[in-house]
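# Secondary and tertiary structure notes
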Amino acid sequence: MSLAFCALALALFPANILVTGGTVLSAALFAGTLLSRQVRSGGALVTMLAVAAIVDLISTLAGPSRWLAGQALHPHGVPLLQYFAVSIWWKGTLVPVIGEGDLVFFTASATVMRRLGWPETPALLVPLTGLLAALGVGLFAGFTPALPFLAAAVILYAWVSPLAKHQPCRG
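Bear in mind that the values here come from a model prediction, so they are computed numbers and not experimental data.

## Some remarks on the packing of helix α5 (residues 100–115) against helix α7 (residues 147–160)
Two elements in contact, α5 and α7, have axes whose closest approach is 10 Å; the angle formed by their N-to-C orientations is 15°. Taken together, the axes of α5 and α7 are roughly parallel relative to one another. When you trace α5 past α7, the crossing you get is left-handed. In this structure, α5 uses G101, D102, F105, F106, S109 and M113 to contact α7, whose residues at the interface are L147, L150, V154 and Y157. Classifying every residue of the contact of α5 with α7 by side-chain character gives 7 nonpolar, 2 polar and 1 charged.

Structure follows, in structure tokens:
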């Protein structure tokens, strides 16, 4: 239902940054929830995040993410980046704050961590800390891949926390 609402909103207001941001958030929540259902163990979560981090790094350096960010610098028309990232207009330029893929993996990580029985607070704050670290680096260094930071935070937590060790999957 919410995806249908997003499609209608995009059809009516295709260039509205609030509509596109809301659509990005809704789609990421939906996709992250679906992805989380496929991850059945802490090892699978670590593997998924490691692979996603590598792909995000490559995409940001020389792939589609780099192209979308570069395309946003041109003020003609509606930038495609607006449909793939929660973005803001800053001094006449569209600036991506967080990508849809980053939000998908955040949702999947937090959901899987909770399902594995890891405490609620770290299940939310550990992936969030990774994303906030990427945002901080991005503020100083420019366009930065977020998934390596998210993956590092979750993998580090899984490695050092006795609460994250050997938890069976509950569903």
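Next, the rest of the story.
## Regarding the pattern of salt bridges
Throughout the structure, instances matching the rule amount to 1 salt bridge. Across the pair E120 and R114 runs a salt bridge whose closest N-O atoms are separated by 3.7 Å.

## Looking at the pairing of strand β2 (residues 93–99)
In the sheet, strand β1 (residues 85–90) pairs with β2 via 6 bridges, with the strands oriented antiparallel. Following the sheet pairing, I88 is matched in β2 by V95.

## Some words on the nonpolar core
With 30 residues, the main nonpolar core has L45, M48, L49, M113, W118 and V154 as its most contacted residues. Of all elements in the fold, only α2 (17–36), α3 (42–62), α5, α6 (120–141) and α7 reach the threshold of two or more residues within this core. Not counting residues within four places of it along the chain, the set of residues in contact with M113 comprises L45, W118, P122, A123, V126, P127, V154 and Y157.

## Points about α7
Taking 1.5 Å per residue, 14 residues should reach 20 Å; α7 reaches 20 Å between its end C-alpha atoms and fits that length. The complete set of buried residues in α7 reads L147, L150, A151, A153, V154, Y157 and A158. For α7, the angular spread of buried residues about the axis comes to 160°, placing them on one side. Exposed positions of α7 whose direction lies more than 90 degrees from the buried face are W159 and V160. Tucked into the core, α7 has its buried residues touching α3, α5 and α6.

## Quick notes on the side chain of D56
For D56, the position within the fold is in helix α3. From its side chain, D56 meets the backbone nitrogen of A146 in a polar contact 3.2 Å long. If we ignore the near neighbours within four places in the chain, the residues touching D56 are D102, P145, A146, L147 and P148.

What counts, and where the lines are drawn
Residues numbered from 1 in each chain as written. Predicted model: local features only at pLDDT ≥ 70, side-chain atom pairs only at ≥ 80, totals over all residues. Heavy atoms only, no water. Axes fitted to C-alpha atoms, helices over the stretch in contact; angles between N-to-C directions. Helix = DSSP H or I, 4+ residues; strand = E, 2+ residues; numbered from the N terminus. Parallel < 35°, antiparallel > 145°, perpendicular 65-115°, else oblique. Left-handed = near helix turned anticlockwise from the far one by under 90°. Contact = heavy atoms within 4.5 Å. Nonpolar A, V, L, I, M, F, W, Y, C, P; charged D, E, K, R; others polar. Salt bridge = Lys/Arg side-chain N within 4 Å of Asp/Glu carboxyl O. Pairing = 2+ DSSP bridges. Core = buried A, V, L, I, M, F, W, Y, C linked by side-chain atoms within 4.5 Å. Buried < 20%, exposed > 50% of the residue type's maximum accessible area, 1.4 Å probe, protein only. Expected span 1.5 Å × (residues − 1). Arc of directions from axis to C-beta. Polar contact = N/O pair within 3.5 Å; in protein donor to acceptor, adjacent residues only side chain to side chain.

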